[in-house]
Number of protein chains: 2
Amino acid sequence: MRTLVPFDARDPNTRLDAALDKTERLGFARAMCRDVLAAVREAGHDPELLATASFDCDATVIVDERPLSRAVNAVLADADEPVTVVMADLPLVTPTTIERLVSPEADIVIGPGLGGGTNALVVRHPEFRVDYHGGSVRKHRDRAEATAGTYTTVDSFRLAVDIDDPSDLAEVLLHSDGSAASWLREAGFELTTRDGRLTATRPPDTG
Amino acid sequence: MRTLVPFDARDPNTRLDAALDKTERLGFARAMCRDVLAAVREAGHDPELLATASFDCDATVIVDERPLSRAVNAVLADADEPVTVVMADLPLVTPTTIERLVSPEADIVIGPGLGGGTNALVVRHPEFRVDYHGGSVRKHRDRAEATAGTYTTVDSFRLAVDIDDPSDLAEVLLHSDGSAASWLREAGFELTTRDGRLTATRPPDTG
């Protein structure tokens, strides 16, 4: 099985702009990516980073400047074995999460993301292609039903929470102790309570 | 095992005010509650509604006007068997989710909610008490470590997504076909794409 981790090495997670400047955003995105690569590796798989630009990291890097769906589909078209695709902004993912993702024997396994995205996929059917544009989980379910013999979804909070909005940062501090959580703490973020929900904020003097 | 479903029968899910008027909000909250009760029952358990006011529904109803934590703790103090607590605003929950929640043999099982809440708990330790005030998942983890022999968490998207903000409504239309999803469709809500995420909105003429 091949395991792809798509990563935007140029301008990742732009909606985090409201909380992080661009240099910080790149640093944080890399820390999240390291967490995902580590979880994949600890689960016994060999991650390949599918990056929009060259990127120095502890994994095989495939550089493909095309939009996400085209880059992933190019790998799927060439693959002669199952392909797992796990997004790079999922720092809550653990080795156990990866094991849960790949263990169902279905042709297609879908890990839904909050807001209708598809945060993880296992593709064991040669004709299945991705389309990550808005609301992809519905498209992927429809396509899986149309092309594949069997498909299933994985009910995982750790797969569902992609960190692409400032309101998501609290989840990293709450549920992870990896690189991304360390990065946030070192950047001065801490948990505070607002409207009964915890949010990650930093005091103005460290911002 | 007893299974409590706490429900605010007077003024539930106030943050949904931005999308629903009060009559609608009550109707939608009841629909979500029906989904949770049905999932608990289909999983083989007998749900007890712990409500702030009397409420006509297909379950045993315990009326307790006190704040949530005190009402739940009163049940825990009296119980001579394990107690499961599942919030009423979790319409994504299925019988399988309930089975996953109760199957670990730990003294305390925690189902984290988005934003640091505790959406589900299994309490098999006589001294454990809840505190649902802001950021409860940290408190419950700390208390479980302090009082219980063993504790674990359940990694479930369906347990984590409580529907208490308008931005959560899309998840119901995407991942459920129960009473709450039907309620939203009948009220005119539909999925639209905004900033790459799906949101549930209704055309102005039906609002």
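Structure shown above.
All of the points below concern the structure found in this document.

So, how was this worked out
- Residues numbered from 1 in each chain as written.
- Chains lettered and ligands numbered in written order.
- Predicted model: local features only at pLDDT ≥ 70, side-chain atom pairs only at ≥ 80, totals over all residues.
- Heavy atoms only, no water.
- Axes fitted to C-alpha atoms, helices over the stretch in contact; angles between N-to-C directions.
- Helix = DSSP H or I, 4+ residues; strand = E, 2+ residues; numbered from the N terminus.
- Parallel < 35°, antiparallel > 145°, perpendicular 65-115°, else oblique.
- Contact = heavy atoms within 4.5 Å.
- Nonpolar A, V, L, I, M, F, W, Y, C, P; charged D, E, K, R; others polar.
- Least-squares fit on C-alpha atoms with pLDDT ≥ 70 in both.
- Buried area = accessible area lost by both parts, 1.4 Å probe.
- Salt bridge = Lys/Arg side-chain N within 4 Å of Asp/Glu carboxyl O.
- Pairing = 2+ DSSP bridges.
- Buried < 20%, exposed > 50% of the residue type's maximum accessible area, 1.4 Å probe, protein only.

Considering the packing of helix 1 (residues 22-42) of chain B against helix 7 (residues 179-186) of chain B
Residue and element names in this part refer to chain B.
For step 1, the next point in the chain: At a minimum axis distance of 7 Å, the contact between helix 1 and helix 7 shows a crossing angle of 150°. In terms of orientation, helix 1 and helix 7 fall into the roughly antiparallel class. Contacts between helix 1 and helix 7 involve Glu 24, Gly 27, Phe 28, Ala 31, Met 32, Arg 34 and Asp 35 from the first element and Ser 179, Ala 180, Trp 183 and Leu 184 from the second.
For step 2, the next point in the chain: Residues that form the contact of helix 1 with helix 7 fall into these classes: six nonpolar, two polar and three charged.

Some points on the relation of the copies chain A and chain B
For step 1, the next point in the chain: Relative to chain B, chain A is turned by 180° and slid 0.0 Å along the rotation axis, the superposed coordinates differing by an RMSD of 0.0 Å. The superposition operator between the copies reduces to a two-fold rotation axis.
For step 2, the next point in the chain: Counting the interface residues of chain A, we find that 100% of their copies in chain B are interface residues as well, pointing to one common contact surface.

Side note on the interface of chain A and chain B
For step 1, the next point in the chain: Each partner contributes residues to the interface: chain A has 29 residues there, and chain B has 29 residues.
For step 2, the next point in the chain: Across the chain A to chain B interface the summed buried area is about 2,600 Å²; carbon plus sulfur atoms make up 50%.
For step 3, the next point in the chain: Across the contact surface, chain A and chain B share two salt bridges.
For step 4, the next point in the chain: We note a salt bridge from A:Arg100 to B:Asp155, for which the minimum N-O separation is 3.4 Å.

A word on the sheet that holds strand 2 (residues 47-51) of chain A
All names here are of chain A.
For step 1, the next point in the chain: The seven strands lie next to each other as 3-2-1-4-6-5-7, forming an open sheet whose pairing is mixed. Each edge of the open sheet carries a strand with a single partner, namely strand 3 (60-63) and strand 7 (151-153). Taking each pair of neighbouring strands and ignoring which way they run, the sheet shows an average axis angle of 20°.
For step 2, the next point in the chain: Bridge count between strand 1 (residues 2-7) and strand 2: five bridges; the pairing is parallel. In the sheet register, Leu 4 faces strand 2, and the bridge partner there is Glu 48.
For step 3, the next point in the chain: Those strands touched by helix 1 (residues 22-42) are strand 1, strand 2 and strand 4 (83-86), and its axis lies near 175° from that of strand 1.
For step 4, the next point in the chain: Against the sheet, helix 2 (residues 68-78) makes contact with strand 1, strand 2, strand 4 and strand 6 (118-123), and its axis sits at roughly 165° relative to strand 1, the strand it touches most.

Overview of the pattern of salt bridges
Residue and element names in this part refer to chain A.
For step 1, the next point in the chain: Applying the stated criterion across every chain yields a total of 26 salt bridges over all chains.
For step 2, the next point in the chain: The salt bridge partner of Lys 22 is Asp 11, with a shortest N-O separation of 3.9 Å. Separated by eleven residues along the polypeptide, Lys 22 in helix 1 and Asp 11 in the loop between strand 1 and helix 1 bring together distant segments of the chain.
For step 3, the next point in the chain: For Lys 22, a relative accessible area of 43% puts it in the partly exposed group.

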